[in-house]
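A closer look at the structure
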Amino acid sequence: MWAIKGIDGQPRVVEVERPKPGPGEVLIEVRAAGVNRADLLQVAGHYPSPPGAPDTLGLETAGVVVEVGEGVGSLATGGSQIPGADVLGVGLLRVEWLGRPVVALLEGGGQAEFAVARADCCLPLPVSGRLDGFIAGAALIEASATAWHNLVNLEPRVLWDDTGRNGFVPSAEPYGDSWGYPKSFKVFVQGGSGGVGTVAVQLAKALGAKVAASAGDDERCAKLSLLGVDAIADYHDPKSFESAKQELTDGRGFDLILDVSGAGGLATNLDLLAQGGRLAIIGLQKGTRAEINLGNLLSKSASIQGSTIRALGSAEKADLVKDVGEYVWPLVEAEKIRPVVAETYSFAKVAGVHEALAAKTGRPFGKIVLVVD
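Residues numbered from 1 in each chain as written. Predicted model: local features only at pLDDT ≥ 70, side-chain atom pairs only at ≥ 80, totals over all residues. Heavy atoms only, no water.

**Re the overall build of the protein**
- Across its full length, the protein carries 11 helices and 18 strands.
- Since a compact globule built from 373 residues should have a radius of gyration of about 21 Å, the 20 Å found for the protein is in line with a globular shape.
- The dimensions of the protein, computed from C-alpha atoms along their principal axes, are 60 × 55 × 40 Å.
- With 373 residues in all, the protein has 53% of them scored as buried.
- Taking all contacts inside the protein whose residues are at least 6 apart in sequence as the whole, residues at least 24 apart take part in 68%.
- Of the accessible surface of the protein, which amounts to about 16,300 Å², a share of 51% is contributed by carbon and sulfur atoms.
- Within the protein, the 44 negative side-chain charges are centred at a point lying 4 Å from the centre of the 34 positive side-chain charges. (Helix = DSSP H or I, 4+ residues; strand = E, 2+ residues; numbered from the N terminus. Rg over C-alpha atoms; globule rule 2.2 N^0.38 Å. Buried < 20%, exposed > 50% of the residue type's maximum accessible area, 1.4 Å probe, protein only. Contact = heavy atoms within 4.5 Å. Areas by Shrake-Rupley, 256 points an atom, 1.4 Å probe, with all protein chains shown as cover. Lys, Arg positive; Asp, Glu negative; His and termini not counted. Charge placed at Lys NZ, Arg CZ, Asp CG, Glu CD.)

**Overview of the packing of aromatic side chains**
- On inspection of all chains with the given rule, the structure shows 5 aromatic pairs.
- On the basis of an interplanar angle of 5 degrees and a centroid distance of 5.2 Å, the ring pair of W148 and Y327 is categorised as stacked. Residue W148 is located in helix 4 (residues 133-153), and its partner Y327 is located in helix 10 (residues 314-333); the two are separated by 179 residues in the primary sequence. For the pair W148 and Y327, a shared accessibility class is recorded, and that class is buried. (Phe/Tyr/Trp six-rings, centres within 6.5 Å; stacked < 30°, edge-to-face > 60°.)

**Remarks on the environment of G108**
- You can see G108 is positioned in the loop between strand 5 (101-105) and strand 6 (114-118).
- Apart from residues no more than four positions distant in its own chain, G108 is found in contact with P54, T56, G58, L59 and R310.

**Observations regarding the pairing of strand 18 (residues 367-371)**
- Counted residue by residue, strand 18 has 5 buried out of 5 residues, so it is predominantly covered.
- Residue alternation in strand 18 divides its side chains into two sets, K367, V369 and V371 and I368 and L370, and both sets are buried.
- Of the strand pairs in this sheet, strand 3 (residues 25-34) and strand 18 are connected by 3 bridges, and their pairing is antiparallel. The residue of strand 18 that forms the bridge with A32 is V371. (Pairing = 2+ DSSP bridges.)

**A few points about helix 4**
- Under the 1.5 Å per step criterion, the end-to-end length of helix 4 is only 26 Å for 21 residues, more than 12% shorter than the ideal 30 Å.
- The principal kink in helix 4, of about 35 degrees, is found at L140.
- Extensive coverage of helix 4 is indicated by the burial of 20 of its 21 residues.
- Of the residues that open helix 4, the one with a side-chain oxygen 2.9 Å from the backbone nitrogen of F134 is D132. (Expected span 1.5 Å × (residues − 1). Bend = angle between axes of the 7 residues up to and from the residue. Polar contact = N/O pair within 3.5 Å; in protein donor to acceptor, adjacent residues only side chain to side chain.)

**Details of the pattern of salt bridges**
- Under the criterion given, the structure shown has 13 salt bridges.
- As a salt-bridge pair, E107 and K317 come within 3.8 Å of each other at their nearest N and O atoms. With E107 in the loop between strand 5 and strand 6 and K317 in helix 10, this pair connects stretches of sequence that are 210 residues apart.
- Using a relative accessible area of 30% as the deciding quantity, one classes E107 as partly exposed.
- Under the relative-accessibility criterion, K317 is labelled buried at 3%.
- Where R118 meets D120, a salt bridge forms, and the shortest distance between an N and an O atom there is 2.9 Å.
- For R118, a relative accessible area of 23% puts it in the partly exposed group.
- What emerges from the salt-bridge pattern is a single network uniting R18, K20 and E67. (Salt bridge = Lys/Arg side-chain N within 4 Å of Asp/Glu carboxyl O.)

Rendered as structure tokens:
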């Protein structure tokens, strides 16, 4: 089968052996796959696959299940099932997995003709208006997992609310309880125009926050406004960050900053944080090393936290995927979160896609998705 692999610093379409699903796994015939900056880092040799994961690219994929491994589904009604099978469908028989459209969060190998996924990291395709479900799923699953993990799972101030306040994330639990932020909670998304950023700003709004975000030019800033962002900073204009802080927080600062820049934005982010604020770093686009004013951090009782989805354990990742299915997919269907697809390309054009993502100017707004011709 064909697959995309980093060779001599470039993504290439190569022939590899078709994988077989192991216990608790399914084999997916791929229809679409998202492209992430992690793919660029892997090709450059800076983000190797975890032990046991494929060395081919792709952290998310959407397609149709064509084989199932041992322990997936039940052989008969009442039989044993994989953990989390209820997310995909309550009481799925083993045979019912076959031919089923799914989207999956992976440790690698999603950009290929066939991909192996853990069954408990699969979800049904999201429903997003008229957008093809495979494309929507490939655009959303990794970004949604990253956003939910950092905005909810790692956020100690998020609330389980039973007041029914509009804007909170609807729950699958009874009595209409829901997740949400405290009143007057403010979030800043550094890099709001990327694949994760476009999802994060919408999710933070759904959680009840006022949201600011940064982008790199007037056109991107205007598009962020269409996603509901309340205040916008142009990262080419340092003064615009302070303006956004004053506009949205009256100078108090942001309770949570989600950042993809890393070292290059550290000083600015610390200045933007509110008392007791949290800086969540999920990317290193502007470097890995920086000096930090610890006095600024201590005086604000602030915290800095880094995370990657790839580093999560199997159980944590399965729970995260389940959260996405229970809480984020309903928001997508309700059109409170829209997948922002910058462009779709055939898998054969992957080299050009990597060049576009690596460019310092003219980067795509939203997510690039590779599709089968």
